[in-house]
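Residues per chain, in single letters:
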Amino acid sequence: MTSSGPLRDPVNQVSPRARGLWLLEALFGFVLLVGGSVLAGGWLGGSGWAFVPDWFAARPWLLPVAVTVLTLPFLVAEPFVRYAVHRWELSGDVVYARQGFLTREWVFVPVSRIQTVDKGQGWLERMLGLATLEIRTASHAGSSTIKGLDFRVAAELAETLARRAEQLRDDAT
């Protein structure tokens, strides 16, 4: 049976604290990017190279200002947009997840194909009480991840998936 309608959204959103995680991750990248542009602007501005325009050599601070003005709106908006689209659901014998900021990805993982389920925490995730669930299958696509889950939700989901996958394997033999 096939459906000609659009895919419905998975029911469960990730933890609201995921916005903080994604904001901190974006902030670290932003600091590195602006710091690199300060270094590059200073290096190029004082280089005396002929290809560096005189107006830029006199104002090397323009590069970090331009980088800040162009990237700051994305830094602020990205965690909220990501939170709005990241969803997951365990429906019957399928794990359904949707994620993506610029490009969207819909993932359907049959529980019967699951080989391992891992939950992990980086240090920022641990600080915020979050976890990432990684679902590995034997398919060519490899593994699927659900990021930004509350730690307890990730632990319960991992246990449920592992138990259900074991039951389905036993039923198939």
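Everything discussed here concerns the structure shown above.
Residues numbered from 1 in each chain as written. Predicted model: local features only at pLDDT ≥ 70, side-chain atom pairs only at ≥ 80, totals over all residues. Heavy atoms only, no water.

Q: Looking at this model, I keep getting lost on the packing of aromatic side chains. Mind explaining?
A: For any pair of aromatic rings, the description rests on two quantities: the centre-to-centre distance and the angle between the ring planes. Here the structure, examined in full by the defined rule, presents three aromatic pairs. Seen from their ring centres, Trp55 and Phe56 are 6.1 Å apart, and the 85 degrees between their planes marks the pair as edge-to-face. Note that Arg19 overlies the ring of Tyr83, its terminal NZ or CZ placed 4.4 Å from the centroid. (Phe/Tyr/Trp six-rings, centres within 6.5 Å; stacked < 30°, edge-to-face > 60°. Lys NZ or Arg CZ within 6 Å of the ring centre and 35° of its normal.)

Q: I would appreciate a short explanation of the side chain of Ser144 in the present structure.
A: Structurally, Ser144 is set in strand β7 (residues 143-150). A relative accessible area of 18% places Ser144 in the buried class. Those residues in contact with Ser144 that lie beyond four places of it in its chain are Val107, Val109, Leu133, Glu134 and Ile135. (Helix = DSSP H or I, 4+ residues; strand = E, 2+ residues; numbered from the N terminus. Buried < 20%, exposed > 50% of the residue type's maximum accessible area, 1.4 Å probe, protein only. Contact = heavy atoms within 4.5 Å.)

Q: Looking at this structure, I do not really get the pattern of salt bridges. What am I missing?
A: When the charged atoms of two side chains lie near each other, side chains of opposite charge can form a pair. Under the definition given, this model contains eight salt bridges. Put simply, Asp150 and Arg17 hold a salt bridge, and the shortest N to O gap is 2.4 Å. In this pair, Asp150 is assigned in strand β7 and Arg17 in the loop between β1 (12-13) and α1 (18-45), connecting sequence segments 133 residues apart. Salt-bridge contacts for Arg163 lead to Glu159; the nearest nitrogen and oxygen are separated by 2.8 Å. (Salt bridge = Lys/Arg side-chain N within 4 Å of Asp/Glu carboxyl O.)

Q: What is the right way to look at the packing of α1 against helix α3 (residues 62-85) in this model?
A: For any two helices packed against each other, one specifies the crossing angle of their axes together with the interaxial distance. Between α1 and α3, whose axes approach to 9 Å, the crossing angle comes to 170 degrees. One finds that α1 runs roughly antiparallel with respect to α3. Here the residues of the contact of α1 with α3 sort into 17 nonpolar, four polar and four charged. (Axes fitted to C-alpha atoms, helices over the stretch in contact; angles between N-to-C directions. Parallel < 35°, antiparallel > 145°, perpendicular 65-115°, else oblique. Nonpolar A, V, L, I, M, F, W, Y, C, P; charged D, E, K, R; others polar.)

By themselves, these are just geometric observations and shouldn't be taken as functional.
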